[in-house]
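Residue-level structure breakdown
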Amino acid sequence: GQQLNQSPQSMFIQEGEDVSMNCTSSSIFNTWLWYKQDPGEGPVLLIALYKAGELTSNGRLTAQFGITRKDSFLNISASIPSDVGIYFCAGYYNQGGKLIFGQGTELSVKP
Amino acid sequence: GAVVSQHPSWVICKSGTSVKIECRSLDFQATTMFWYRQFPKQSLMLMATSNEGSKATYEQGVEKDKFLINHASLTLSTLTVTSAHPEDSSFYICSARGGVGTDTQYFGPGTRLTVL
C-alpha cells in the first residue's frame, strides 16, 4: 500500500535550536497535513497544505508542499520545551481517500 | 480548528464485557468519521471508515463483529468493543472529516481502554 517515509525518527535538541523534519512518498499526494501528538492525547492539526509549492506558517512552524508533490517538510524555529511531542506527517493521494500517516518524529527539547 | 470530542477519555473493564466509545464533531457536520487504534510509540492504524447513515467499511484484519461502529448522525459516531479481552487494550482515537472537497481530518483526544 501507499507509504510515507518520515525522518528523522527522533531528535534531541537544545532549547532555542531550529528543527526540520520531512516526509517523502512514492506517489503524488494532493494534500499534506502535519499533526503534533502529546502523550495520551489525540493528534492536533498544525498545518494543512493543498497546493504544490505552497509554503504556510503557523507561529514558529513553517511547512511546505514539495513542488514534485511527493514530499513535504516541517520546520520549527527557536524550539521551546513545550514543542516536545511526536510530529506526524499525513496526506492523501486522492481526494476523499484514506489519510496515510508517516511513522512520526519524536522531538525532545533540552532546556 | 474544528473540535472533535471523545467520551470516555479512559475506561477500565473486565474481560468479556462490552465498552462503547462516543465520538462527536462539535462545530461541523462530519460526513465521514474514522476510528484508529494506536499502540505505544507507533503511528495510528486505521480500523474503519464510516459515513453517516451507512455501514462502516473495515480495514483488512479488523473484525467487524467485534468492533461495532454506528454513525447515526452527522455529529456522532460510536465504537463498541464487544466481549473485550486484554489484547483489546489500546488507545482508540476517532477522527472526523467534513463534506466533499474538505480533506482536512480532525482528531479526538483519544480513549485509553484497559481490559483486565
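Provided above is the structure to which this section pertains.
Before going further, it helps to spend a moment on the pairing of strand β2 (residues 10–13) of chain B. All names here are of chain B. The side-chain alternation of β2 yields one buried face, formed by V11 and C13, and one unburied face, formed by W10 and I12. Of the strand pairs in this sheet, β2 and strand β11 (residues 111–115) are connected by four bridges, and their pairing is parallel. Within β11, the position partnered with W10 by the bridge is R112.

What follows deals with the pattern of salt bridges. All names here are of chain A. Following the criterion strictly, the structure yields six salt bridges over all chains and no others. Taking the shortest distance from any N to any O, the salt bridge between K36 and D38 comes out at 3.1 Å. Its relative accessible area of 13% is what places K36 among the buried residues.

Inspection of every chain in the model, using the stated rule, returns two disulfides over all chains. Paired through a disulfide, A:C23 and A:C89 show a sulfur-sulfur distance of 1.6 Å. Its S-S torsion of approximately -70° makes the covalent link between A:C23 and A:C89 left-handed. Taken together, the residues span a long stretch of sequence, with A:C23 in strand β3 (residues 19–25) and A:C89 in strand β9 (residues 85–92) at a distance of 66 residues. Judged by its relative accessible area of 0%, A:C23 falls in the buried class. You can call A:C89 buried: its relative accessible area is 0%. Here B:C23 is linked by a disulfide to B:C94, with a sulfur-sulfur distance of 2.0 Å. Its S-S torsion of about 75° marks the bond between B:C23 and B:C94 as right-handed, since a negative value means left-handed.

Right, let's get into the sheet that holds strand β7 (residues 61–65) of chain A. Residue and element names in this part refer to chain A. The strand order across the open sheet formed by five strands is β1-β3-β8-β7-β6, and the pairing between neighbours is antiparallel. Looking at the sheet topology across the chains shown, the edges are occupied by β1 (4–7) and β6 (55–58). On average, each strand axis in the sheet is inclined to that of its neighbour by 15°, with strand direction left out of account. Where β7 meets strand β8 (residues 71–76), five bridges bridge the pair, whose relative direction is antiparallel. Note that in β8 the partner of A63 across the bridge is L74.

All names here are of chain B. Within the open sheet, the four strands sit side by side as β1-β3-β8-β7. Their pairing is antiparallel. At either end of the open sheet lies a strand with only one pairing partner, and these are β1 (4–7) and β7 (67–73). Neighbour-to-neighbour, the strand axes of the sheet open up by a mean angle of 15°, direction not taken into account. Two elements, β7 and strand β8 (residues 76–81), share five bridges in a ladder whose sense is antiparallel. By the bridge assignment for β8, F67 is matched with V81.

This paragraph deals with the side chain of B:K66. Of note, B:K66 is situated in the loop between β6 (57–58) and β7. In this structure the side chain of B:K66 is engaged in a polar contact, spanning 2.9 Å, whose partner is the backbone oxygen of B:S83.

So, on to the interface of chain B and chain A. Opposite the 20 residues of chain B that make contact, chain A presents 23 residues. Interface area, chain B with chain A, both sides summed: about 1,600 Å², of which 50% is carbon and sulfur. For the interface between chain B and chain A, the tally reads two salt bridges. The salt bridge involving B:K41 is made with A:E106; its shortest N-O contact spans 3.0 Å. Elements with a minimum of two residues in the side of chain B that touches chain A: β4 (32–38), β5 (44–51), β9 (90–97) and β10 (105–107) of chain B. In terms of residue class, the side of chain B that touches chain A is built from eight nonpolar, eight polar and four charged.

Cut-offs used in this document
- Residues numbered from 1 in each chain as written.
- Chains lettered and ligands numbered in written order.
- Predicted model: local features only at pLDDT ≥ 70, side-chain atom pairs only at ≥ 80, totals over all residues.
- Heavy atoms only, no water.
- Buried < 20%, exposed > 50% of the residue type's maximum accessible area, 1.4 Å probe, protein only.
- Helix = DSSP H or I, 4+ residues; strand = E, 2+ residues; numbered from the N terminus.
- Pairing = 2+ DSSP bridges.
- Salt bridge = Lys/Arg side-chain N within 4 Å of Asp/Glu carboxyl O.
- Disulfide = S-S within 2.5 Å.
- Axes fitted to C-alpha atoms, helices over the stretch in contact; angles between N-to-C directions.
- Polar contact = N/O pair within 3.5 Å; in protein donor to acceptor, adjacent residues only side chain to side chain.
- Contact = heavy atoms within 4.5 Å.
- Buried area = accessible area lost by both parts, 1.4 Å probe.
- Nonpolar A, V, L, I, M, F, W, Y, C, P; charged D, E, K, R; others polar.

All we've got here are geometric facts, nothing functional implied.
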